[in-house]
Amino acid sequence: MYKGHNFRYADARAAGQGLQALIYFRYGEVLLNFAEAKAELGTINQSDLDKSINKLRGRVGMPGLTTGVAKDPNFEFSTLTAIIQAVRRERKVELACEGFRVDDIFRWAAAGELIVGKEPVGAKKAYWVGFKFADYLPEATPDLSRQAKFDERVASLETDAKGYIRIFKKTLNGGTQGFKFKVDRDYLMPIPTNQLTLNTNLKQNPGW
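Okay, so let's go over this structure. Everything numeric in this text was worked out from a predicted model, so none of it was measured.

What tends to happen in soluble globular proteins is that the nonpolar side chains get buried as a cluster. If you look at the biggest cluster of nonpolar residues, it comprises 15 residues, and the most contacted ones within it are I44, L49 and I53. Of all elements in the fold, only α2 (27-41), α4 (53-58) and α5 (82-94) reach the threshold of two or more residues within this core. Once you skip the residues sitting within four places of it in the chain, I53 turns out to touch L32, A35, L65, V87 and E90. If you look at the next biggest cluster of nonpolar residues, it comprises nine residues, including F75, I105, A110 and I115.

The next subject is the pattern of salt bridges. A complete count under the given rule lists 17 salt bridges for this structure. Here R57 makes a salt bridge to E90, at a shortest N to O gap of 2.7 Å. Placement of R57 in helix α4 and of E90 in helix α5 is noted, with a sequence separation of 33 residues between them. Of the residues examined, R57 reaches a relative accessible area of 14% and is grouped as buried. With a closest N to O distance of 3.0 Å, E94 and R59 form a salt bridge. Of this pair, E94 sits in helix α5 while R59 is found in the loop between α4 and α5, placing the two residues 35 residues apart along the sequence. With relative accessibility at 52%, the residue R59 sits in the exposed group. Through salt bridges with shared partners, a single network forms among R26, R59, E94 and E98.

Taken together, the side chains of Y24, F25, Y27 and V30 present a nonpolar region at the surface, about 540 Å² in accessible area. Its place among the elements puts Y27 in helix α2.

Here we come to the packing of α2 against α5. Here α2 crosses α5 at 160°, and the two axes come no closer than 9 Å. Comparing their axes, α5 and α2 come out roughly antiparallel. For the element pair α2 and α5, the recorded crossing hand is left-handed. Here L32, N33, A35, E36, A39 and E40 of α2 come into contact with α5, specifically with I84, V87, R88, E90, R91 and E94.

How each quantity is defined
- Residues numbered from 1 in each chain as written.
- Predicted model: local features only at pLDDT ≥ 70, side-chain atom pairs only at ≥ 80, totals over all residues.
- Heavy atoms only, no water.
- Core = buried A, V, L, I, M, F, W, Y, C linked by side-chain atoms within 4.5 Å.
- Buried < 20%, exposed > 50% of the residue type's maximum accessible area, 1.4 Å probe, protein only.
- Helix = DSSP H or I, 4+ residues; strand = E, 2+ residues; numbered from the N terminus.
- Contact = heavy atoms within 4.5 Å.
- Salt bridge = Lys/Arg side-chain N within 4 Å of Asp/Glu carboxyl O.
- Patch = residues over 30% accessible without salt bridge, like charges linked within 9 Å, V, L, I, M, F, W, Y side chains within 5 Å.
- Areas by Shrake-Rupley, 256 points an atom, 1.4 Å probe, with all protein chains shown as cover.
- Axes fitted to C-alpha atoms, helices over the stretch in contact; angles between N-to-C directions.
- Parallel < 35°, antiparallel > 145°, perpendicular 65-115°, else oblique.
- Left-handed = near helix turned anticlockwise from the far one by under 90°.

Encoded structure:
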């Protein structure tokens, strides 16, 4: 994962200073927030798309999104309008691995569709079968001692019916029931007991 990665990390650590700024709020997020708000209000138009989502698409050579986008019956949110589906799909892609997914799911009240009973999976096992360290290590430092152990671990990985690695099979409720998110409780976090003690006017959130 290279989003926000400082490629001079070793130099910066040794010198006690770095040249790369930390991203606090990314412009792409601003554009997506704008598009989502307009879509949820039902007022989004082509001009709105052109100055938000299509800015993001354009920088990587993708065709622009239009208000006439087709509805996807196989998308996670099959009952929503086509444009809201499209905006949510753009968020899923553009903000991947930036820590926004849980916030989005909570804001959309979509845990029942996306979390309950679901087991997250990893990459496809087939991607790693036959992987050779020698293909990626410099010839000057041929550290190949891990190859046998790596091959052994890959061979032992369990997959689902589609070939994806079951990375949580031993930790997520035994891997058989998926997430046990309670939709009538878990959208709100429990209030810490020390805060309830400090302020007796506070009441614990429902279900906790």
